[in-house]
Amino acid sequence: MIALFLRDLKLAIRAGGGFGLGLAFFLIVTVLVPFSIGPQTDLLTRIAPGVLWLGALLACLLSLDRLLALDWEDGTLDLLATAPIPLEAVVTVKALSHWVVTGLPLVLAAPVLGVMLNLPLEGFVPLVLSLLLGTPALSVIGTFGAALTVGLKRGGLLLSLLVLPLYVPTLIFGAEAARRGAQGLEAGTPLLLVAGITAFAAGLLPLASAAVLRVNLR
Amino acid sequence: MTLTVTDLTVARAGMPVLEGVSFVVAPGQALVLRGPNGIGKTTLLRTLAGLQAPVAGRVDGAGEAVAYAGHADGIKATLTVAENLTFWARIFGTQGIGTALAAYALEPLADRISGELSAGQKRRLGLARMLVTGRLVWVMDEPTVSLDAGAVEMFASAIRAHLGQGGSAVIATHVALGLEGAALDVSPFRAVLPAPGSDAFDEAFL
């Protein structure tokens, strides 16, 4: 399992691996928002948590269609399915490496981009916490979507349509926690709900992803 | 470990392609599967490897003993030859890729990026992967595609060495490998019955 994790990280940083793709997209969205809104700092302050969360979510979505499709195309998935590692572990490791490559850089970049969106000082900690707790759920749910659409040519559109509704609860509570934090309100409840969604997704979805993958590999 | 296949029916896309297939492959034996394109050799091999469930009949002695090599080699183009092999060795919990590299004369290529290899060299890398799995039953689908005569000889000697160590192999191929061992033409097992309606129905709602 560690070997698979390290290999995925290595593949991500090698040429064409897609490392930084989500980060660059996140950067572009949040840098362009102030330009499109105009120089209204109070408006920016109000929408900053929502924009940052939406940017992070779309950035996660961007790399999902590569998550399992590349391993499917070159036959690695067939071989992993016959390997001594259970498929549940394979999809968990895949989700984890996707999070490390995509989600974690977003979490780390969010405070810097928060400055650009005039996020109030007291909002930074809740923002980072909500992203840290919420983005793993995006990777796990995304892996499930990728497992559903693996083997479909140009499955990216279907994947987005399948995954977006599943992303909505994470987005609502994540953005809510960041918003309440930015307004100086207590953000504990939405943070707990985001953590709950992540725990629920990480605990159950790998089983579903593996089951779906077995059907798709037939 | 003896691989025993009893009255096996396999299906592709919900349609049975082969039925009533039975054979036994004891340790030290190789079975060569023959038959025209589309007869269901790949489907049969994928069933042996556990990638799909049989429609009827049973496969004993496979499961965790099987190493599968399909049409695709599972090679990552941005990793080197040695990195690819080391990855599979670690996945299967075995040590050392030296013998696998040597068996297919891959040492000079060990540090090359796999994406730069020729088709035949990639296939040799894919076959070398079987050696690092440490599994006893090799299930191989058209292993000699894009290999030259020398590489086919390397493959044949790797198989002979594997059989000599108590392993076994089921190989679908159209090429004469010079292996002593049984050959099974699967053409007579072609399924004649159409798919039962209920099965297709279940499939649609999975």
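Above this text you will find the structure in question.
This text gives an overview of the structure that appears in the document. (Residues numbered from 1 in each chain as written. Chains lettered and ligands numbered in written order. Predicted model: local features only at pLDDT ≥ 70, side-chain atom pairs only at ≥ 80, totals over all residues. Heavy atoms only, no water.)

This structure, assessed with the given rule, holds two aromatic pairs over all chains. With 4.9 Å between their ring centres and 65° between their planes, Phe87 of chain B and Trp88 of chain B make a pair best called edge-to-face. A relative accessible area of 5% places Phe87 of chain B in the buried class. For the pair Trp88 of chain B and Phe92 of chain B, a centre-to-centre distance of 6.4 Å together with 45° between the ring planes defines the contact as tilted. Like Phe92 of chain B, Trp88 of chain B is buried. In this structure an aromatic cluster arises from ring pairing among Phe87, Trp88 and Phe92 of chain B. Seen from the ring of Phe87 of chain B, Arg7 of chain A lies directly overhead, with NZ or CZ sitting 4.5 Å from the centre. When the ring centre of Trp88 of chain B is taken as reference, the NZ or CZ atom of Arg129 of chain B above it lies at 5.5 Å. (Phe/Tyr/Trp six-rings, centres within 6.5 Å; stacked < 30°, edge-to-face > 60°. Buried < 20%, exposed > 50% of the residue type's maximum accessible area, 1.4 Å probe, protein only. Lys NZ or Arg CZ within 6 Å of the ring centre and 35° of its normal.)

This paragraph deals with the interface of chain B and chain A. Accessible area lost when the parts come together is the quantity often used to give the size of an interface. Between chain B and chain A, the contact holds 26 residues from the first and 26 residues from the second. The interface formed by chain B and chain A includes five salt bridges. A salt bridge links Asp78 of chain A to Arg46 of chain B; the nearest nitrogen and oxygen atoms lie 2.8 Å apart. On the surface where chain B and chain A come into contact, there are eight residue pairs in polar contact (both at pLDDT 80 or more). If you list the elements that add at least two residues to the side of chain B that touches chain A, you get strand E5 (66–69) and helix H2 (81–91) of chain B. Counting residues per element, the side of chain B that touches chain A draws most heavily on H2 of chain B, which supplies five residues. A class-by-class count of the residues in the side of chain B that touches chain A yields 13 nonpolar, four polar and nine charged. (Contact = heavy atoms within 4.5 Å. Salt bridge = Lys/Arg side-chain N within 4 Å of Asp/Glu carboxyl O. Polar contact = N/O pair within 3.5 Å; in protein donor to acceptor, adjacent residues only side chain to side chain. Helix = DSSP H or I, 4+ residues; strand = E, 2+ residues; numbered from the N terminus. Nonpolar A, V, L, I, M, F, W, Y, C, P; charged D, E, K, R; others polar.)

Quick look at the sheet that holds strand E4 (residues 56–60) of chain B now. All names here are of chain B. Taken in spatial order, the three strands make up an open sheet running E2-E1-E4, and their pairing is antiparallel. Looking at the sheet topology across the chains shown, the edges are occupied by strand E2 (15–25) and E4. Put simply, the sheet's adjacent strands are angled 30° from each other on average, direction ignored. Direction of pairing for strand E1 (residues 3–12) relative to E2: antiparallel, over a ladder of seven bridges. For Thr4, the partnering residue across the bridge sits in E2 and is Val24. Most of the contacts of helix H1 (residues 41–48) go to E1, to which it runs at about 125°, and overall it touches E1, E2 and E4. (Pairing = 2+ DSSP bridges. Axes fitted to C-alpha atoms, helices over the stretch in contact; angles between N-to-C directions.)

Here the focus is the sheet that holds strand E6 (residues 137–141) of chain B. Residue and element names in this part refer to chain B. Sheet architecture is open: five strands sit in the order E5-E6-E7-E3-E8, paired in parallel fashion. One side of each edge strand has no neighbouring strand; the edge strands of this open sheet are E5 and strand E8 (182–185). Strand-to-strand twist of the sheet, defined as the mean angle between neighbouring strand axes without regard to direction, takes the value 15°. Pairing geometry for E5 and E6, over four bridges, is parallel. When the sheet's bridge partners are listed, Tyr68 is paired in E6 with Val139. Sitting on the sheet, H1 touches strand E3 (30–34), E5, E6 and strand E7 (168–172), and the angle it makes with E6 is about 155°. Its contacts with the sheet place helix H5 (residues 149–164) against E3, E6 and E7, and it is angled at close to 145° to E7.

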